[in-house]
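Listed below, chain by chain, are the residues.
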Amino acid sequence: LVITIDGPVAAGKTSAARGLAARIDFPLLDTGAIYRCVALEAQSRDLNWHDEAEVARVASELEIEFQTEGGTRRVFLSNTDVTEEIRRPEISQGASIVSEQVGVRAALLTLQRQQAVRSDLIAEGRDTGTVVFPQAERKFFLTAAPEVRAHRRFLELRSRGIETHLRDVLAELEERDRRDSSRSIAPLVAAVDAMTIDSSAMSAAEVIEEMYRLVRRHLPVPRS
Ligand code: DC
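Residues numbered from 1 in each chain as written. Predicted model: local features only at pLDDT ≥ 70, side-chain atom pairs only at ≥ 80, totals over all residues. Heavy atoms only, no water.

Caption draft 1: Representation of the sheet that holds strand 2 (residues 28–30) within the structure. As summarised here, the arrangement of the five strands in space is 2-6-1-7-8, forming an open sheet in which the pairing is parallel. The sheet terminates laterally at strand 2 and strand 8 (195–198), the two strands that pair on one side only. Direction aside, the axes of adjacent strands within the sheet are offset by 20° on average. The sheet contact formed by strand 7 (residues 138–143) and strand 8 spans four bridges and is parallel. Bridging from a neighbouring strand, phenylalanine 140 pairs with methionine 195 of strand 8. (Pairing = 2+ DSSP bridges. Helix = DSSP H or I, 4+ residues; strand = E, 2+ residues; numbered from the N terminus. Axes fitted to C-alpha atoms, helices over the stretch in contact; angles between N-to-C directions.)

Following this line, the structure appears as structure tokens:
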């Protein structure tokens, strides 16, 4: 059983995916973290994010592993914990740039699909329902108004000690939305068979509850 959750920046995908994964005891694949690792690895090799051939090579050599430690999900890149580092605003931009490249997407496609070979999965990203797992049994497209998303991202950055201005966060978010939605390969769009949820006026708990209600009947053994 594969469940996909796609949507724009700061729509609440990660909270929803984590909450749903905990509720139904499914492993979680954060595909954005993989693109972020490509951007980080390219940066640490002093590569230009626009250098398509070199960045594609980075993607094909990527050694990434997800681990759960004390209830939190950690991302390891070549055995180094990069969970916090890949969330830096600069790496967000890098991830958006490298994710436009054909070679990068091709290299990461296999890596992502392998995660669903042996187990159920919740995959979260931009194209998990359209390209990576088009046969997924249940697809969600989670969205919210840009101002709401910018405000959430602003609070999240501040809670991590990153000082910024709301208007800069909104501008960065709109820039990423534009790039993610307009690229020629695997653009951010809702799959035709996706259920769209607008989280503008919903709490994370309400989003999780709504998703749970919709996936429940697909579960082999109904959970309470
Ligand atoms: O979800 P996120 O912010 O961690 O994603 C970082 C970037 O990676 C995002 O700007 C677009 C890209 N991405 C993608 O192109 N396809 C995915 N399935 C996931 C993320």
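Caption draft 2: Highlighting the site of the ligand. Not every one of the 15 residues close to the ligand is listed here, only the nearest: Arg36, Arg105, Arg126, Asp127 and Arg183. Contacts to the ligand include threonine 31, whose side-chain N or O atom sits 3.0 Å from a nitrogen atom. At a separation of 2.9 Å, an oxygen atom of the ligand approaches a polar side-chain atom of arginine 183. Protein contact buries 97% of the 450 Å² of open area that the ligand shows by itself. Elements supplying a minimum of two residues to the shell around the ligand: helix 2 (31–44), helix 4 (89–98) and helix 8 (166–182). Here the shell around the ligand takes four residues from helix 2, the largest share from any one element. (Near = heavy atom within 4 Å. Polar contact = N/O pair within 3.5 Å; in protein donor to acceptor, adjacent residues only side chain to side chain. Areas by Shrake-Rupley, 256 points an atom, 1.4 Å probe, with all protein chains shown as cover.)

Caption draft 3: A look at the sheet that holds strand 4 (residues 72–77). Judged by pairing direction, the sheet is antiparallel, and its three strands sit side by side in the order 3-4-5 without closing on themselves. A single partner strand is all that each edge strand has here, and the edge strands are strand 3 (64–69) and strand 5 (80–81). Sheet topology places strand 4 next to strand 5; two bridges connect them, and they run antiparallel. Looking across to strand 5, one finds that phenylalanine 76 is bridged to aspartate 81.

Caption draft 4: Representation of empty space enclosed by the protein within the structure. Overall, the coordinates contain one cavity of 30 Å³ or more when judged by the stated rule. In this structure, the largest cavity spans a volume of roughly 30 Å³. In terms of lining residues, the largest cavity is bounded by Thr4, Asp6, Gly129, Thr130, Lys139, Phe140, Phe141, Val189, Ala190, Ala191 and Ala194. Secondary-structure elements contributing two or more residues to the lining of the largest cavity are strand 1 (2–6), helix 6 (128–132) and strand 7. The element contributing the most residues to the lining of the largest cavity is strand 7, with three residues. Its residues assigned to classes, the lining of the largest cavity comprises six nonpolar, three polar and two charged. (1 Å grid on protein atoms, 1.4 Å probe; cavity = no way out; pocket = protein on both sides within 12 Å on 5 of 7 lines; lining within 4 Å. Points joined across faces, edges and corners; volume = space filled by probe spheres on them. Nonpolar A, V, L, I, M, F, W, Y, C, P; charged D, E, K, R; others polar.)

Caption draft 5: How the structure looks around the pattern of salt bridges. Tallied over the full model, the rule gives 20 salt bridges. Taken together, the shared-partner salt bridges in this structure form one network comprising Glu41, Arg45 and Glu61. (Salt bridge = Lys/Arg side-chain N within 4 Å of Asp/Glu carboxyl O.)

Caption draft 6: Summary view of the environment of arginine 176. Relative to the assigned elements, arginine 176 resides in helix 8. Residue classification places arginine 176 among the buried residues on the basis of a relative accessible area of 5%. Placed 80 residues apart in sequence, arginine 176 and serine 96 show a C-alpha to C-alpha distance of 6.5 Å. (Buried < 20%, exposed > 50% of the residue type's maximum accessible area, 1.4 Å probe, protein only.)

Caption draft 7: Spotlight on the side chain of serine 92. Inspection of the secondary structure assignment puts serine 92 in helix 4. Side chain to side chain, serine 92 and arginine 36 meet in a polar contact 3.1 Å long. What serine 92 contacts, discounting residues up to four positions off in sequence, is Arg36, Arg87, Glu172 and Arg176. (Contact = heavy atoms within 4.5 Å.)

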